[in-house]
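Descriptive analysis of the structure
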Amino acid sequence: MSEAVPLIEVNQLKKYYGEPSNIFKRNPEVVQAVDGVSFTIKKGETFGLVGESGSGKSTIGRTLLRLTSITSGEVLYKGQNLHTLSKKEMRSLRPKLQFIFQDPYSSLNPRIRIGDAIAEALLDHGLASKNEVREKVLEVLEICGLAPYHYDRFPHEFSGGQRQRIGIGRAIVLNPDFIVADEPVSALDVSIQAQIINLFSELQQEKDITMLFISHDLSVVEHLCSTIGVLYLGTMMELASRDRLYGNPLHPYTKALLSAVPIPDPTLKRERIIIKGDIPNPANPPKGCKFHTRCPFAQEVCRKQIPEFREVEAGHFVACHFVE
Ligand SMILES: Nc1ncnc2c1ncn2[C@@H]1O[C@H](COP(=O)(O)OP(=O)(O)O)[C@@H](O)[C@H]1O
Ligand code: SF4
Ligand SMILES: [Mg+2]
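The structure displayed is predicted, hence computed values, not measured ones.

Next up on the list: the packing of helix H3 (residues 114-124) against helix H4 (residues 130-143). Taken N-terminus to C-terminus, the directions of H3 and H4 make an angle of 120°; their axes are 9 Å apart at the nearest point. When the axis of H3 is compared with that of H4, the two are oblique. Classified by chirality, the crossing of H4 by H3 is right-handed. Facing H3, whose interface residues are Ile114, Gly115, Ile118, Ala119, Leu122 and Leu123, H4 presents Lys130, Val133, Lys136, Val137 and Leu141. Its residues placed into classes, the contact of H3 with H4 shows eight nonpolar, one polar and two charged.

Any two packed helices are characterised by the angle at which their axes cross and by the distance between the axes. For the pair helix H5 (residues 160-172) and helix H6 (residues 190-207), the least separation of the axes is 10 Å and the interaxial angle reads 20°. Comparing the axis directions of H5 and H6 gives the class roughly parallel. Of the two elements, H5 crosses H6, and the hand of that crossing is right-handed. For the pair formed by H5 and H6, the contact residues are Gly161, Gln164, Arg165, Ile168 and Ile172 on the first element and Ile192, Gln195, Ile196, Leu199, Phe200, Leu203 and Lys207 on the second. In the contact of H5 with H6, the residues fall into seven nonpolar, three polar and two charged.

Surrounding ligand 1, one finds Tyr17, Val31, Ala33, Glu52, Ser53, Gly54, Ser55, Gly56, Lys57, Ser58, Thr59 and Pro282. A distance of 2.6 Å is found between an oxygen atom of ligand 1 and a backbone nitrogen or oxygen belonging to glycine 54. Serine 55 has a polar backbone atom sitting 3.2 Å from an oxygen atom of ligand 1. Starting from 560 Å² of accessible surface for ligand 1 in isolation, the protein chains cover 59%.

Moving on, we come to the sheet that holds strand E5 (residues 80-81). Strand order across the open sheet formed by four strands is E2-E1-E4-E5, with antiparallel pairing between neighbours. Among the strands making up the open sheet, the edge pair consists of strand E2 (31-42) and E5. Pairing geometry for strand E1 (residues 6-17) and E2, over nine bridges, is antiparallel. Following the sheet pairing, lysine 14 is matched in E2 by aspartate 35. Against the sheet, helix H1 (residues 57-64) engages E1, E2 and strand E4 (72-77), with an angle of about 120° to E1.

Okay, the pairing of strand E11 (residues 310-313) next. Where E11 lies against strand E12 (residues 316-318), three bridges are found, and the strand directions are antiparallel. Looking across to E12, one finds that glutamate 311 is bridged to phenylalanine 317. Two successive antiparallel strands, E11 and E12, enclose a turn made up of two residues, where glycine 315 displays a positive phi of approximately 75°.

Another point: unusual backbone geometry. One non-glycine residue, asparagine 175, lies in positive phi territory at about 55°. Tracing the backbone shows asparagine 175 in the loop between H5 and strand E7 (178-182). A positive phi angle is found at leucine 233, which is not glycine, with a value near 45°. Mapped onto the elements of the fold, leucine 233 is located in the loop between strand E9 (227-232) and strand E10 (235-241). With relative accessibility at 2%, the residue leucine 233 sits in the buried group.

Our next topic: the site of ligand 2. Neighbouring residues of ligand 2: His251, Pro252, Cys289, Phe291, His292, Cys295, Phe297, Ala298, Cys302, Cys320, His321 and Phe322. The residue makeup of the shell around ligand 2, split by class, is nine nonpolar, three polar and no charged.

Ordered by their spatial adjacency, eight strands build an open sheet running E6-E7-E8-E3-E9-E10-E12-E11, and the pairing between neighbours is mixed. Each edge of the sheet is formed by a strand with only one pairing partner; in this case those strands are strand E6 (97-100) and E11. With strand direction ignored, the average angle separating the axes of adjacent strands in the sheet is 20°. Taken together, the five bridges between strand E3 (residues 46-50) and strand E8 (residues 210-215) define a ladder with parallel strand orientation. The residue of E8 that forms the bridge with glycine 48 is phenylalanine 213.

Cut-offs applied
Residues numbered from 1 in each chain as written. Chains lettered and ligands numbered in written order. Predicted model: local features only at pLDDT ≥ 70, side-chain atom pairs only at ≥ 80, totals over all residues. Heavy atoms only, no water. Axes fitted to C-alpha atoms, helices over the stretch in contact; angles between N-to-C directions. Helix = DSSP H or I, 4+ residues; strand = E, 2+ residues; numbered from the N terminus. Parallel < 35°, antiparallel > 145°, perpendicular 65-115°, else oblique. Left-handed = near helix turned anticlockwise from the far one by under 90°. Contact = heavy atoms within 4.5 Å. Nonpolar A, V, L, I, M, F, W, Y, C, P; charged D, E, K, R; others polar. Near = heavy atom within 4 Å. Polar contact = N/O pair within 3.5 Å; in protein donor to acceptor, adjacent residues only side chain to side chain. Areas by Shrake-Rupley, 256 points an atom, 1.4 Å probe, with all protein chains shown as cover. Pairing = 2+ DSSP bridges. Buried < 20%, exposed > 50% of the residue type's maximum accessible area, 1.4 Å probe, protein only.

Right, dumping it as structure tokens:
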């Protein structure tokens, strides 16, 4: 069973790319990829992070594992500030903090058999002896829906879905506390997506894994995530439990995203809200509410004042001037 203890706490996280290294540099283009985001992930919970391409999802995922530095704010893992730990302290935490990529193929060496690739991680971190390692890898292959004979196959011999199973295997073999899965099904066909989502949900039940699950697709996170954050241009617009977010979305951006998701029950209808135009350039984001250039409900105040990210009911946060 999950305890209601935050495993990950993110406070006012900012990540700007391309900041000038000296103040005399002219017109530096600073991309405000993540602009003051806060949330927590409880132990055993899968937190879904959704938003359009370019909204800062991958940057958040990478900063949560300290794969990228931060501009300001903090990321606490079990109360420890990850970005101020020494390299040595960080190295000892590495096996506990794992990343699953959208395209696992790019992180697999084409000349290494996949059993050995999974074993490598265990041996590198001293988590198994040479004698035990094969057995552990075979166990993980089975959990991930692969067969023992796959141990000796090379990456090019696998389909996209199987490669994602390998990517998941490489992460879970280390018995991590926390996994960031960055669009792990986005590159797969819909039928294969469903199989991989099922694998994630089996792992949730069996291993009590805590995860940040990133997707641009609200229908993907609905199956797996108990809490969901909706990101727009590096800013969290709404954060709520799955039931609240899907049942009673409050932010116009969330409403618009959800109105585009088909509902299986034809008797239920959602009002379709169309968002105009493209996501603005994060190097020059709109003033006030960052969504005002595309929001169908924008008023004068939205252009001037940044809406506060407020808790409007227990655990339900919204950044909009017009949500009571
Ligand atoms: N290494 C980088 N250097 C400069 N800009 C970057 C870098 N990585 C991402 N960005 C920019 O930061 C913004 C957020 O990117 P990203 O976190 O990849 O968003 P998402 O995963 O939601 O598509 C985008 O505008 C992107 O171009
Ligand atoms: S603050 Fe204004 S522009 Fe922003 S979401 Fe609310 S109504 Fe739309
Ligand atoms: Mg991304």
